[in-house]
Amino acid sequence: MARQSRKFRHRFSAALAAGTLALIVSGSLSATRADEADAKKLVKAMSDYLASQKAISFDYDTNLEVVTPDHQKILLASSGKMEMGRPDKLRVTRHGGFANVEVTFDGKTATLFGKDANLYAQAEVPGTIAHLIDEMRDKLHRPVPGADLLLPDVYGTLMDGVTDVKDLGSGVIGGTECDHLAFRTKEVDWQIWIAQGEHPYPCRYVITATQVDQGPQYSIQISDWKTGTDVAAADYTFKNTTDAKKVDLSKLKDTDELPDHLAEGAKQ
């Protein structure tokens, strides 16, 4: 599982160039550093809580920073809904300025449905959600938003390669008081805000690719967190209610968080 986090985070480090907001702090952050073991316990408690939930749903907003070849900074924003039933059911919607997409997975078949184009593509990916995440990223090249937070061992995934830990105290995300933690690896810095109380779910997760010029950032913010019987989805199979045309995956454009034309530019 450790490799999954590194690959997910490395994608933003290697493929994008973006600007980040400068954090200006008077005094030393070392004064706010809590015991490393206590900070890790907060992440472990979140991980254990997530793993114990058989059904989860939440709304999310993502921000992806990119920089054009002439160094103009652009922030790409999208929103969606995630519904999952462990170990092998997933439904994800995402609506951005260039795409309106739904991904469904019933344990055997992954379906990507471009709602605006009324086109869909399918791939046989039998297995768990963790296996789907690998296949969506490495073979289908359509990463699942916030994939690190959906894996069975979130703690092992996130803590892979961590060299520095900071507890920045409390923060408030969408009206929810959270524990704010910051971590550093050789490739990226990342921060997480974890809801305080009996349900320590992730409220915001931010990755900064420190090894790329100007430090591209990716963030996902979570709201309307639900578990158990409050989760609406009961059927994760694709229903072609709009008579959408089935096409090869290569014909289904703009289904990632990064538009196809910008992704092509990043590879140059």
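Residues numbered from 1 in each chain as written. Predicted model: local features only at pLDDT ≥ 70, side-chain atom pairs only at ≥ 80, totals over all residues. Heavy atoms only, no water.

Novice: Would you mind going over the pattern of salt bridges with me for this structure?
Specialist: Counted under the stated rule, the structure contains 13 salt bridges. Salt bridges sharing common partners tie together Glu 83, Arg 91 and Glu 102. (Salt bridge = Lys/Arg side-chain N within 4 Å of Asp/Glu carboxyl O.)

Novice: Is there a simple way to think about the side chain of Ser 57 in this case?
Specialist: The residue Ser 57 is located in strand 1 (residues 55–67) in this model. For Ser 57, a relative accessible area of 1% gives the class buried. If we ignore the near neighbours within four places in the chain, the residues touching Ser 57 are Lys 81, Met 82, Glu 83, Asp 224, Trp 225, Lys 226 and Val 231. (Helix = DSSP H or I, 4+ residues; strand = E, 2+ residues; numbered from the N terminus. Buried < 20%, exposed > 50% of the residue type's maximum accessible area, 1.4 Å probe, protein only. Contact = heavy atoms within 4.5 Å.)

Novice: So what exactly am I meant to see when it comes to the sheet that holds strand 2 (residues 73–85) here?
Specialist: Backbone-to-backbone hydrogen bonds join strands into a sheet, with any given pair of strands oriented parallel or antiparallel. Spatially, 12 strands are ordered 7-8-9-10-11-1-2-3-4-5-6-12 in an open sheet, and the strand pairing comes out mixed. Bordering the open sheet on either side are strand 7 (164–173) and strand 12 (245–246), each of which pairs with just one other strand. Here strand 4 (residues 100–105) runs beside strand 5 (residues 109–114); their pairing, made up of five bridges, is antiparallel. Across the sheet, the residue bridging to Val 101 is Gly 114, located in strand 5. The sheet contacts of helix 3 (residues 129–138) involve strand 2, strand 3 (89–96), strand 4 and strand 5, and relative to strand 4 the element is tilted by about 135°. (Pairing = 2+ DSSP bridges. Axes fitted to C-alpha atoms, helices over the stretch in contact; angles between N-to-C directions.)

Novice: Teacher, can you tell me more about the nonpolar core here?
Specialist: In globular proteins that are soluble, nonpolar side chains generally tend to be buried together. The biggest cluster of nonpolar side chains holds 62 residues, and the ones touching the most others in it are Val 144, Leu 158 and Ile 192. Apart from residues no more than four positions distant in its own chain, Ile 192 is found in contact with Met 46, Leu 149, Leu 158, Asp 179, His 180, Leu 181, Phe 183, Pro 202, Arg 204 and Tyr 205. (Core = buried A, V, L, I, M, F, W, Y, C linked by side-chain atoms within 4.5 Å.)

Novice: Before we go on, may I ask you to explain helix 2 (residues 36–52) in this structure?
Specialist: The terminal C-alpha atoms of helix 2 lie 24 Å apart, and with 17 residues this matches the ideal 24 Å at 1.5 Å per residue to within 8%. Turning to helix 2, its buried residues number three or more, namely Ala 39, Val 43, Met 46, Ser 47, Tyr 49 and Leu 50. End-on, the buried residues of helix 2 take up no more than an arc of 165°, which puts them together on one face. (Expected span 1.5 Å × (residues − 1). Arc of directions from axis to C-beta.)

Novice: Explanation requested: the pairing of strand 9 (residues 189–195) in the structure shown.
Specialist: Consecutive side chains of a regular strand alternate in pointing toward one face of the sheet and then the other. Among the seven residues of strand 9, six are classified as buried, and the element is accordingly described as predominantly covered. For strand 8 (residues 176–184) and strand 9, the ladder comprises seven bridges, and the chain directions are antiparallel. By the bridge assignment, Asp 179 is partnered in strand 9 with Ile 194. In this sheet, strand 10 (residues 202–208) lies alongside strand 9 in antiparallel orientation, the contact comprising six bridges.

Novice: Whenever I open this one, the side chain of Asp 167 confuses me. Can you help?
Specialist: Along the chain, Asp 167 turns up in strand 7. Within the structure, Asp 167 has its side chain in polar contact with the backbone nitrogen of Gly 169 (distance 2.9 Å). (Polar contact = N/O pair within 3.5 Å; in protein donor to acceptor, adjacent residues only side chain to side chain.)

Novice: I would appreciate a short explanation of helix 3 in the present structure.
Specialist: It helps to recall that an α-helix has 3.6 residues per turn; residues three or four apart then point in one direction. Taken across its 10 residues, helix 3 has seven buried, putting it largely inside the fold. Considered for burial, the residues of helix 3 that qualify are Ile 129, Ala 130, Leu 132, Ile 133, Glu 135, Met 136 and Arg 137.

Novice: Is there a simple way to explain the packing of aromatic side chains in this structure?
Specialist: The relative placement of two aromatic rings is captured by the distance of their centres and the angle of their planes. Enumeration according to the criterion identifies seven aromatic pairs in this entry. On the basis of an interplanar angle of 35° and a centroid distance of 6.3 Å, the ring pair of Tyr 49 and Trp 225 is categorised as tilted. Within this pair, whereas Tyr 49 is found in helix 2, its partner Trp 225 is found in strand 11 (residues 217–227), the two being separated by 176 residues in sequence. The exposure class assigned to Tyr 49 is buried, which follows from its relative accessible area of 10%. By relative accessible area, which is 17% here, Trp 225 ends up buried. Members of the aromatic cluster, joined through ring pairs, are Tyr 49, Phe 58, Tyr 201 and Trp 225. A cation over an aromatic ring shows up here: Arg 204 above the ring of Trp 193, its NZ or CZ 5.3 Å from the ring centre. (Phe/Tyr/Trp six-rings, centres within 6.5 Å; stacked < 30°, edge-to-face > 60°. Lys NZ or Arg CZ within 6 Å of the ring centre and 35° of its normal.)

Novice: Quick question: what am I supposed to make of the confidence of the model for the protein here?
Specialist: Do not read the fine detail of predicted coordinates wherever pLDDT is low. With 81% of its residues at a pLDDT of 70 or more, the protein has an overall mean of 85. The weakest mean pLDDT in the protein belongs to helix 1 (residues 2–15) at 51; the strongest belongs to strand 9 at 98. Across residues 14–34, where pLDDT falls below 50, the model places 43 contacts with residues more than four positions away in sequence or in other chains. Here residues 264–268 is modelled with pLDDT under 50, and outside its nearest four sequence neighbours on either side it reaches one contact, counting other chains as well. (pLDDT = per-residue confidence, 0-100.)

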